[in-house]
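Examination of the molecular architecture
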Amino acid sequence: MQVKHNNNSGGRKKNLLTAAFPFLAWLKGYNIASFRADLVSGVTVALVLVPQSMAYAQLAGLPAYYGLYASFLPPMIAALFGSSRQLATGPVAVVSLMTATALAPLATAGSEAFIAYAILLALLVGLFQLSLGILRFGLVVNFLSHPVVNGFTNAAALIIATSQLSKLFGVSVDSAEHHYQTVYLVIKAAVAFTHWPTLAISALAFAVMVLLKRMNPRIPYVLVAVILATVVSWVTGFEHNVNVPIEQIQNTRVTSLVTAYNETLIETDRKATARVALTDQHKDSIAFYSAIDSETESREYHLAFLKKDFEHRSTVLNLEMEELKKQSGQYRSELREIGLLSVSDSVGKSVFCSNEQLPSGSEQVGSSWRIKVGEKPLNLTSITLIGGGDVIGTIPRGLPRPRIPKIDLDAILNLFPMAAIISLLGFMEAISIAKAMAAKTGHRLDPNQELIGQGLANMVGSVSQGYPVSGSFSRSAVNIQAGAVTGISSAVASLFVLLTLLLFTPLLYHLPQSVLAAIIMMAVVGLLNVTGFVHSWKAQRYDGIIGIITFLCTLAFAPHLDKGILVGVGLSLILHLLRSMKPDIALLSKHPDGTYRNRERFGLRQCRHIAVIRYNGSLFFANVNYLEKEVLDVVSSMPELKHVLIVGNGINELDASGEETLSHLVDRLREAGYDVSISGLNDSVLDAMRRTFLFYKIGEDHLFRNASLAIESIYASTHLGSDEDPCPLIQADFTPLKVADKAKFSPAFQKAVESFVRKKKSADESGSRG
């Protein structure tokens, strides 16, 4: 006995260890062949991960190399502590877009504050996912129904693709209030100012990726396109920028616009500083009066006055900043539209001027130029002129310095709603992929453990200066196709990213930005799923409608994507509540196959003395009146009725309101002279009825396990002296279907009906001869 006890104890310890460290389960049966397969698949995934991660980082509004930071540790951590062995974690399109959406109101894309908020967002997403996993709340993801996710994902794919158009055509525009307005501005700019070499190199990248993917999906087509485009960019001098002082630009309009633009931005910064100071002053004033003013009425007066004064001054500052923002945007657009030519002046010095202001006798040198205008004031001693395409540029060499994100309570409160949405969306994407792969490999999948893995990946990623990540459809497919056996393949991919950061970043300098845009657009094509709408519509029309509404709202509200998905979730919950309030109720009769079916749907005759009412739904406070109303309507429509049988196989829950209403209904029917029975109730509902004594009130002899036993028991007492022969509840009987009615039913049902009619007719003829 002692030996057996020790074995059991050892087994429990082993299970606990495996639960805490899931990767220990990989060691069982692991060998050199498995490691070779993981090594090959890890390198294969990394060849896709490196360029994709940089592209997705830019989609998130971050410098490209932050995608590499997010691909360094998170893939390995997610694999080590998750339950899926082939899931490839890292930057993904939808989460990157949601990150940009979450941070846009807080800071300018690409700024230091924006980057800090992105890192903090990764920490919040990780904490939320980890908490859900530890508390075993993985089922919370069910609040995002499939039609809602499908509608959101399709809209997000279009938003992601169109957001890359500016890089594809080599134009720059400011983001408008709505995404569709921004797309219009991009198209307008592209018509006038397309940079043809940028568009050509984008087309080359598209052609390479499409052709190689069709030839052999195993070829790392993304990496090939990146290498080829980078070489072409380097050889042709694709990036052609110069920095010149303002005096070298001989254009009075440029000089005045640059001066006005810089003054506007400086004034905007001054107003922003004043707003921060005003907020701090308001907090200090509230604390001061709360501390010194002991009289409640006087204190309330002072606090109300301070609040009104603060709101007024804040509103004025906000309006002034909004006006300054519009002015700076206008100046920025005008500067970007100005084309300059490089010419040699009388002493041979290069100067830049517009075509209209070319000095007489001057000679044009090189191509046309445009002014590079960002969100910061222009340096008058070194203005950047763009004569070529945009490239990645310098990537910091080496690993990111580990550090805990700066905790800002106000920022956390602003980011938390979006962090929750990103957590659920990211996890839903990850678990969908993991389930599909688990079905192929036969490995057990634990959604709560997967939440823990994804949560830890995001938390560790925030320490290594990464932004939120999730499971990737495309890279997971590459991973399993390449033969990955365990999560060691993800560790190999992380190691490859490490080597890239340490050794290969200088080689990425000449990678065109338009190629990263092409990579993103190629990747999001797989997110488009029009058949998902059709499938939802066929399953339930209202699901299809919810999916379409979510799709349209997400497009309309973009870049505020959270509004689109919240509309979808809200509609799903309202629809669920409405369905719960009005569950399906049907009158049953016997079908030719021996079962009890919906009388109206299958054209069956109704018994005159017994009403068999099927109720499909839990009986709780929201729908109890509906059941009572429907039962009483049936009773009033049947003058010869004697017995009501409620078929309750679908009643999975009975709350206090449901129990009380059912008790009143039984009393009311029996007082009116009708008997009542119930069949098909499960044990938990029967237990609730016993606790409230409703079980004994109805009577054990009126509670049956199924409808057949109930009808067999009550038939005789209800048909005494009746001329109903045969009873439709004992023997199926209905008139042959009319030609017009046949189209309503399936061929199999029509065949069953015709067979039954033939057999009954034959039986009747035999009886008459006898």
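Above this note sits the structure.
Below: a short report on this structure. Not measured: the values here are computed from a predicted model.

1. A short note on the overall build of the protein
- Across its full length, the protein carries 29 helices and 13 strands.
- Restricting to contacts in the protein with at least 6 residues of sequence separation, those with at least 24 account for 78%.
- Carbon together with sulfur atoms contributes 60% to the accessible area of the protein, which is approximately 38,900 Å² in total.

2. Section: the side chain of Ser490
- In this fold, Ser490 is placed in helix α17 (residues 488-504).
- Here Ser490 falls in the buried class, since its relative accessible area comes to 5%.
- For Ser490, the contacting residues outside a window of four places in its chain are Pro75, Met76, Ala79 and Leu87.

3. Section: the sheet that holds strand β9 (residues 596-598)
- Here six strands make up an open sheet; going across it, the order is β9-β8-β10-β11-β12-β13 and the pairing mixed. At either end of the open sheet lies a strand with only one pairing partner, and these are β9 and β13 (703-704).
- Sheet topology note: the strand β12 (residues 675-679)/β13 ladder contains two bridges and is parallel. Bridged to Ile678 within β13 is Leu703.

4. A word on the pattern of salt bridges
- In the structure shown here, the tally under the stated rule is 20 salt bridges.
- In this structure, the salt-bridge partner of Arg597 is Asp593, at a minimum N-O distance of 2.7 Å.
- Arg597 sits in the partly exposed class, given a relative accessible area of 27%.

5. Observations concerning the packing of aromatic side chains
- Scanning all chains against the criterion turns up 13 aromatic pairs.
- Their ring planes at 65° and their centres at 6.3 Å tell us that Phe23 and Trp26 sit as a pair that is edge-to-face.
- Judged by its relative accessible area of 24%, Phe23 is partly exposed.
- You can call Trp26 buried: its relative accessible area is 8%.
- Connected via pairs of aromatic rings, a cluster forms that spans Phe21, Phe23, Trp26 and Phe81.

6. Thoughts on helix α27 (residues 707-718)
- Taking 1.5 Å of rise per residue, the twelve residues of α27 would be expected to cover 16 Å, and the 15 Å separating its terminal C-alpha atoms lies within 8% of that figure.
- Those residues of α27 that sit buried are Ala707, Ala710, Ile711, Ile714 and Thr718. Along the long axis of α27, the arc covered by the buried residues comes to 95°, so they all point the same way. In α27, those exposed residues whose orientation departs by more than 90 degrees from the buried face are Glu712 and Ala716.
- For α27, the elements touching its buried residues are β9, β10 (610-616), β11 (643-647), β12 and β13.

7. Examining the packing of helix α23 (residues 624-636) against helix α24 (residues 656-671)
- Between α23 and α24, the least distance of the axes is 9 Å, while the angle of their chain directions is 20°. With respect to α24, the element α23 is oriented roughly parallel. In this structure, α23 crosses over α24, and the sense of that crossing is right-handed. Residue-level inspection shows Val624, Glu628, Val631, Leu632 and Val635 of α23 in contact with α24, the latter providing Ser657, Gly658, Thr661, Leu665, Arg668 and Leu669.

8. A short note on helix α19 (residues 530-539)
- Regarding α19, the residues found buried are Gly532, Phe533 and Ser536. The buried side chains of α19 occupy one side of the element, clustering within an arc of 100° when seen end-on. More than 90 degrees from the buried face of α19, the exposed residues found are Val530, Thr531, His535 and Lys538.

9. Some words on the nonpolar core
- By size, the foremost hydrophobic cluster in this structure holds 105 residues, and its most contacted members are Met54, Met98 and Met209.
- When sequence neighbours within four positions are dropped, the list of residues in contact with Met209 reads Tyr221, Val222, Ala225, Ala518, Ile519 and Met522.
- Grouped together as the second largest cluster of nonpolar side chains are 29 residues, Leu641, Leu662, Leu665 and Val676 included.

10. Considering the packing of helix α6 (residues 112-134) against helix α14 (residues 409-441)
- Where α6 meets α14, the axes come as close as 8 Å, and the angle between the chain directions of the two elements is 60°. Comparing the axis directions of α6 and α14 gives the class oblique. Relative to α14, the crossing made by α6 is right-handed. Across the interface between the two elements, Tyr117, Leu120, Leu121, Leu124, Val125, Phe128, Gln129 and Leu132 of α6 pack against Ala411, Ile412, Leu415, Phe416, Ala419, Ala420, Ile422, Ser423, Leu424 and Phe427 of α14.
- When grouped by side-chain class, the residues that make up the contact of α6 with α14 number 16 nonpolar, two polar and no charged.

11. Section: the pairing of strand β8 (residues 584-590)
- Relative to β10, β8 runs antiparallel, the two sharing four bridges. Looking at β10, one finds that Leu587 is bridged to Ile613.
- Two elements, β8 and β9, share three bridges in a ladder whose sense is antiparallel. Within β9, the residue paired with Ser589 across the bridge is Arg597.
- A loop of five residues connects β8 with β9, the two strands running antiparallel in sequence, and Gly594 in this loop sits at a positive phi of about 95°.

Conventions we followed
- Residues numbered from 1 in each chain as written.
- Predicted model: local features only at pLDDT ≥ 70, side-chain atom pairs only at ≥ 80, totals over all residues.
- Heavy atoms only, no water.
- Helix = DSSP H or I, 4+ residues; strand = E, 2+ residues; numbered from the N terminus.
- Contact = heavy atoms within 4.5 Å.
- Areas by Shrake-Rupley, 256 points an atom, 1.4 Å probe, with all protein chains shown as cover.
- Buried < 20%, exposed > 50% of the residue type's maximum accessible area, 1.4 Å probe, protein only.
- Pairing = 2+ DSSP bridges.
- Salt bridge = Lys/Arg side-chain N within 4 Å of Asp/Glu carboxyl O.
- Phe/Tyr/Trp six-rings, centres within 6.5 Å; stacked < 30°, edge-to-face > 60°.
- Expected span 1.5 Å × (residues − 1).
- Arc of directions from axis to C-beta.
- Axes fitted to C-alpha atoms, helices over the stretch in contact; angles between N-to-C directions.
- Parallel < 35°, antiparallel > 145°, perpendicular 65-115°, else oblique.
- Left-handed = near helix turned anticlockwise from the far one by under 90°.
- Core = buried A, V, L, I, M, F, W, Y, C linked by side-chain atoms within 4.5 Å.
- Nonpolar A, V, L, I, M, F, W, Y, C, P; charged D, E, K, R; others polar.

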